Each structure stands twice: as C-alpha cells, then as structure tokens.
Amino acid sequence: MSALSRPEFHSEEAAFAHLEKIVWAGEPVCPHCGSLDRLTKVKANPEKRIRVGLWRCGSCKKQFRATVGTVFEHIRLPLHKALQAVYLMTSSKKGISAHQLHRVLEITYKSAWFLAHRIREAMRDGNLAPMGGDIPATTDAPTHSCLPSASPQPSSFGSINES
Ligand SMILES: [Zn+2]
C-alpha cells in the first residue's frame, strides 16, 4: 500500500465520491440555484454518454457535478488522474514538471501542461491544501477552501483533452 493506492486515484466513482466529500461536506448543493433538496444522482451510463458524478437538481432542472467551481471544472481528463496530479504536485517538495506528469500519468504533454498550470495557479492563490488529512466541513457554500472557485480566466485555459 502507498498513498497512491487510494481508491480515488484509480476509480472515477471513488474520485467523485472523494471530491464530493470535500466540496459538499457530504451534502450535495446545486451550484446553479443553491438548492439542498430534490437532488438526485444520475446513474452513469457510457453508452448514453452520461458521465460519472452527474447530479440533477429537481428545483432548477439543471445538471451538475462536484467539479463545478473547482480547478477540475473544465478538464476532460478522468478526475482520478487529475487527483493524482494534484497529489504529486502538492506532495513533492521541489514541484513536478509538466513533462514528468505527462510521463507518469500517461497523458498528453498538452493535457499535462494545462493541468499543471491550473494546479500551480490554485497553489499560488494559497487556496490549495494537500489532498487528504483533516478537512473542515462547511455546509453554507458549495465550494471548499482547498478547491478554489472557478479560476479567474477559465476560458484561457480551454479544455483539457486526453487525446
Ligand atoms: Zn438547482
């Protein structure tokens, strides 16, 4: 066993469960209307292109995932790989290059570069705490301090594609 053998680094379901615990402190919140009620989890179905971690709000009828408002919002990489990147970058004293992420995570250099850039930006804000450990729970906000709200210039980062 090692820190990297934790389920959230290998399974997309576990990755979302982990993020949901951090972002929502166990209680989902609709990021569109703030509703805490009538939120239902949508079962993932790759055939119908229904992604893992999807929720539906019965109040505003919109769909959302726990990634909304976090550094993971517009990335198209699997969340468990992005969590690995955060772990590697925050646990390494001297940091880790995009090239190293590209090799270790087996993602394209372009994806690695965007991801590293985003994570570094979040760390520079002082808002990104290491993954794991004690996480103070709040229920009054849909985001958590270690997951900064949408980065100030999300469009300039574009989407991160694995291919
Ligand atoms: Zn809603």
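Quick summary incoming for the structure in this document.

Reading guide: rules and limits
- Residues numbered from 1 in each chain as written.
- Predicted model: local features only at pLDDT ≥ 70, side-chain atom pairs only at ≥ 80, totals over all residues.
- Helix = DSSP H or I, 4+ residues; strand = E, 2+ residues; numbered from the N terminus.
- Buried ≥ 20, exposed ≤ 12 C-beta atoms within 10 Å, placed from the backbone.
- Contact = placed C-beta atoms within 7 Å.
- Axes fitted to C-alpha atoms, helices over the stretch in contact; angles between N-to-C directions.
- Parallel < 35°, antiparallel > 145°, perpendicular 65-115°, else oblique.
- Pairing = 2+ DSSP bridges.
- Core = buried A, V, L, I, M, F, W, Y, C linked by C-beta atoms within 7 Å.
- Expected span 1.5 Å × (residues − 1).
- Left-handed = near helix turned anticlockwise from the far one by under 90°.

This part covers the overall build of the chain. Within the chain, the regular secondary structure consists of 5 helices and 3 strands. The secondary structure elements of the chain, listed N-terminal to C-terminal, are α-β-β-β-α-α-α-α. Looking at the chain as a whole, 33% of its 163 residues qualify as buried. Across the chain, every contact between residues at least 6 apart in sequence was considered, and the portion connecting residues at least 24 apart equals 62%.

In this section: the packing of helix α1 (residues 12-24) against helix α2 (residues 79-91). Relative placement of two packed helices is described by the angle separating their axes and the distance separating the axes. Here α1 crosses α2 at 60 degrees, and the two axes come no closer than 8 Å. Taken together, the axes of α1 and α2 are oblique relative to one another. Seen from α1, the contacting residues are Glu 12, Ala 15, Phe 16, His 18 and Leu 19; seen from α2, they are Leu 79, His 80 and Leu 83.

By the element assignment, Ala 82 lies in helix α2. Excluding residues within four positions of it along the chain, Ala 82 makes contact with Phe 72, Ile 75, Leu 77 and Leu 115.

Moving on, we get to the sheet that holds strand β1 (residues 39-41). Neighbouring strands of a sheet are bound in pairs by backbone hydrogen bonds; such pairs are parallel or else antiparallel. Here 3 strands make up an open sheet; going across it, the order is β1-β2-β3 and the pairing antiparallel. The sheet is open, and its two edges are formed by β1 and β3 (63-64), each paired on a single side. Where strand β2 (residues 55-57) meets β3, 2 bridges bridge the pair, whose relative direction is antiparallel. Across the sheet, the residue bridging to Arg 56 is Gln 63, located in β3.

A separate point is unusual backbone geometry. Even without a glycine there, the phi angle at Arg 38 is positive, about 55 degrees. Relative to the helices and strands, Arg 38 resides in the loop between α1 and β1. For Arg 38, a count of 12 C-beta atoms within 10 Å puts it in the exposed group. Phi at Arg 49 takes a positive value of approximately 55 degrees, unusual for a residue other than glycine.

Another point: the nonpolar core. The biggest cluster of nonpolar side chains holds 34 residues, and the ones touching the most others in it are Leu 19, Leu 79, Ala 82, Ala 85, Leu 115 and Ile 119. Leaving out residues up to four positions away in the same chain, Leu 19 has contacts with Ala 66, Thr 67 and Leu 79.

As a further point, take the environment of Glu 106. For Glu 106, the location among the structural elements is in the loop between α3 (98-105) and α4 (109-124). Using a count of 10 C-beta atoms within 10 Å as the deciding quantity, one classes Glu 106 as exposed. Separated by 25 residues in the primary sequence, Glu 106 and Lys 81 have C-alpha atoms spaced 9.3 Å apart.

This part takes up α1. With 13 residues, α1 extends 17 Å from end C-alpha to end C-alpha; this agrees with the ideal 18 Å at 1.5 Å per step. Regarding α1, the residues found buried are Ala 15, Phe 16, His 18, Leu 19, Ile 22, Val 23 and Trp 24. Within two residues after α1, Ala 25 carries a phi angle of roughly 55 degrees, on the positive side.

Take the packing of α2 against α4 next. Running from N to C, α2 and α4 point in directions that differ by 55 degrees, and their axes come no closer than 10 Å. In terms of axis orientation, α2 runs oblique to α4. The chirality of how α2 crosses α4 is right-handed. When α2 is examined against α4, the residues Ala 82, Ala 85, Val 86 and Met 89 are found in contact with a partner set consisting of Leu 115, Ala 116 and Ile 119.

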